[in-house]
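Spelled out, the chains give:
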Amino acid sequence: MKQRIVLFILSITISLGVFSQNPPVSATVNKQKILIGEHLQLYLKAVVRGNNTARWFRVDSFSHFEILKSSKIDSQQTSQGLFLQQTITLTSWDSGKWAIPSFSFGRLQTKPLVVSVEFSPMDPNQPYHDIKDIIDVQKPIASNWYWYLLGVAVLIALFLLFFPPKEKKEIIEKPLTPEDVYKNALNRLDKLSPAQEVKSLYTELVDIFRDYLHNQKGIQSFSKTTDDLSVQIGQLQLPEDDYYQLVLILQMSDMVKFAKLQPSIAENEKAIDLVRKNIITIENLK
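An account of the accompanying structure is given in this report. Since this is a predicted model, take the numbers as computed values, not measurements.

### Description of the pattern of salt bridges
Right, on to step 1. Taken as a whole and assessed by the stated rule, the structure comprises 8 salt bridges.
Right, on to step 2. Residue arginine 58 is joined to aspartate 60 by a salt bridge in which the shortest nitrogen-to-oxygen separation is 3.3 Å.
Right, on to step 3. Between glutamate 204 and arginine 188 there is a salt bridge; the shortest N-O distance is 3.0 Å. In this pair, glutamate 204 is assigned in helix 4 (residues 198–217) and arginine 188 in helix 3 (residues 178–190), connecting sequence segments 16 residues apart.
Right, on to step 4. On the basis of relative accessible area, arginine 188 is assigned to the partly exposed category, the value being 24%.
Right, on to step 5. Through salt bridges with shared partners, a single ionic network connects Arg188, Glu204 and Asp211.

If you want it as structure tokens, here you go:
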């Protein structure tokens, strides 16, 4: 009988030793000390043996701490039973040493935990910055851009009212009469000087003659070479001597421009007179 009692006491002692080494419920934190606003992890663990069931820890808000997030309850089957665990993220905005209360799991309870909440340490080597007063911010000036726009529009309207734009008169060029073409050619010849630079002289001289043929006789003289123009002039039935002298002047003009021929002043004057004579002759042809 004594042996049975001894064995019973011994089994209870062993069970209590195992239980004390591996408590079925626990609450731990990852830090014993945090700064104000810093996150703190609270781990709740429990082991359910056999077919026992119990309500999971009820974690409501408690003093000096704020619950930020609660994870799902993880479960894992072990040799000791069903292992359950949950992680709860906390923070605190109150400095001091505060206790996290015990939590109940069925008839079992966790131990309370003490956590120290502190301010950030001040470095004595850093300069001291006093608290600044509230700075008054100057109220921005209201934008009145639309009034300026309206004023510009009014000024433009008044300007247009008192100074209306003048209507552009359409300039209609009157077609030159045959008499105008003839007189214009003679006037341009009168302005030529035998003593001027020969290249510009002969260029202007031939242009006067070609312009006269184009406007008075409808001959597309500006698009013709000297040889082609000579053929067209031959159809005007000029006197033979006048015709040949006119062709020589046209050829001399080409030699002045391309072969650098330098006629004398007397030859220049004769060339001007021959072009004038032929224009008068052509004008009098019927």
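After presenting the structure, the write-up continues.
### Digging into the packing of helix 4 against helix 6 (residues 240–258)
Right, on to step 1. The N-to-C vectors of helix 4 and helix 6 enclose an angle of 140°; their axes lie 9 Å apart at closest approach. Considering their axes alone, helix 4 and helix 6 lie oblique with respect to each other. For the crossing formed where helix 4 meets helix 6, the hand is left-handed. In this structure, helix 4 uses Val198, Lys199, Tyr202, Thr203, Leu205, Val206 and Phe209 to contact helix 6, whose residues at the interface are Leu246, Ile249, Leu250, Met252, Ser253, Val256 and Lys257.
Right, on to step 2. Considering only residue class, the contact of helix 4 with helix 6 consists of 10 nonpolar, 2 polar and 2 charged.

### Some words on the environment of isoleucine 73
Right, on to step 1. When you line up the elements, isoleucine 73 lands in the loop between strand 4 (66–70) and strand 5 (74–78).
Right, on to step 2. In sequence terms isoleucine 73 and lysine 45 are 28 residues apart; their C-alpha atoms lie 9.4 Å from each other.

### So, the pairing of strand 6 (residues 81–91)
Right, on to step 1. With 8 of its 11 residues buried, strand 6 lies for the most part within the structure.
Right, on to step 2. With 9 bridges connecting them, strand 3 (residues 40–48) and strand 6 associate as antiparallel partners. Bridged to lysine 45 within strand 6 is glutamine 85.
Right, on to step 3. One ladder, built from 4 bridges, connects strand 4 with strand 6; its direction is antiparallel. Across the sheet, lysine 69 pairs through a bridge with threonine 89, a residue of strand 6.
Right, on to step 4. When strand 5 meets strand 6, the two strands line up antiparallel, connected through 5 bridges. Looking at strand 6, one finds that glutamine 76 is bridged to phenylalanine 83.
Right, on to step 5. Between strand 5 and the antiparallel strand that follows it, strand 6, lie 2 residues.

### Notes on the sheet that holds strand 7 (residues 96–100)
Right, on to step 1. One open sheet accounts for 3 strands, arranged 2-10-7; its pairing is mixed. Strand pairing shows two members of the sheet lacking a second neighbour, strand 2 (33–35) and strand 7, which therefore form its edges. Strand after strand, the sheet turns through a mean of 30° between neighbouring axes, direction not considered.
Right, on to step 2. Inspection of the sheet shows strand 7 paired to strand 10 (residues 113–118) by 5 bridges, in the antiparallel sense. Among the inter-strand pairings, tryptophan 98 is bridged to a residue of strand 10, identified as valine 115.

### Here we look at the packing of aromatic side chains
Right, on to step 1. Counted according to the given criterion, the structure contains 6 aromatic pairs.
Right, on to step 2. With centroids separated by 4.8 Å and ring planes inclined at 75°, the aromatic side chains of tryptophan 56 and phenylalanine 57 adopt a geometry described as edge-to-face. With respect to class, tryptophan 56 is no different from phenylalanine 57; both count as buried.
Right, on to step 3. Seen from their ring centres, tyrosine 243 and tyrosine 244 are 5.5 Å apart, and the 65° between their planes marks the pair as edge-to-face.
Right, on to step 4. Classification of tyrosine 244 as partly exposed rests on a relative accessible area of 48%.
Right, on to step 5. Pairwise contacts between aromatic rings join Trp56, Phe57 and Phe105 into one cluster.

### Quick word on unusual backbone geometry
Right, on to step 1. With a phi angle near 70°, histidine 64 is a residue other than glycine that sits in the positive phi range.
Right, on to step 2. Topologically, histidine 64 is positioned in the loop between strand 3 and strand 4.
Right, on to step 3. Taking the relative accessible area as the measure of exposure, histidine 64 reaches 33% and is therefore partly exposed.

Thresholds, definitions, all that
Residues numbered from 1 in each chain as written. Predicted model: local features only at pLDDT ≥ 70, side-chain atom pairs only at ≥ 80, totals over all residues. Heavy atoms only, no water. Salt bridge = Lys/Arg side-chain N within 4 Å of Asp/Glu carboxyl O. Helix = DSSP H or I, 4+ residues; strand = E, 2+ residues; numbered from the N terminus. Buried < 20%, exposed > 50% of the residue type's maximum accessible area, 1.4 Å probe, protein only. Axes fitted to C-alpha atoms, helices over the stretch in contact; angles between N-to-C directions. Parallel < 35°, antiparallel > 145°, perpendicular 65-115°, else oblique. Left-handed = near helix turned anticlockwise from the far one by under 90°. Contact = heavy atoms within 4.5 Å. Nonpolar A, V, L, I, M, F, W, Y, C, P; charged D, E, K, R; others polar. Pairing = 2+ DSSP bridges. Phe/Tyr/Trp six-rings, centres within 6.5 Å; stacked < 30°, edge-to-face > 60°.

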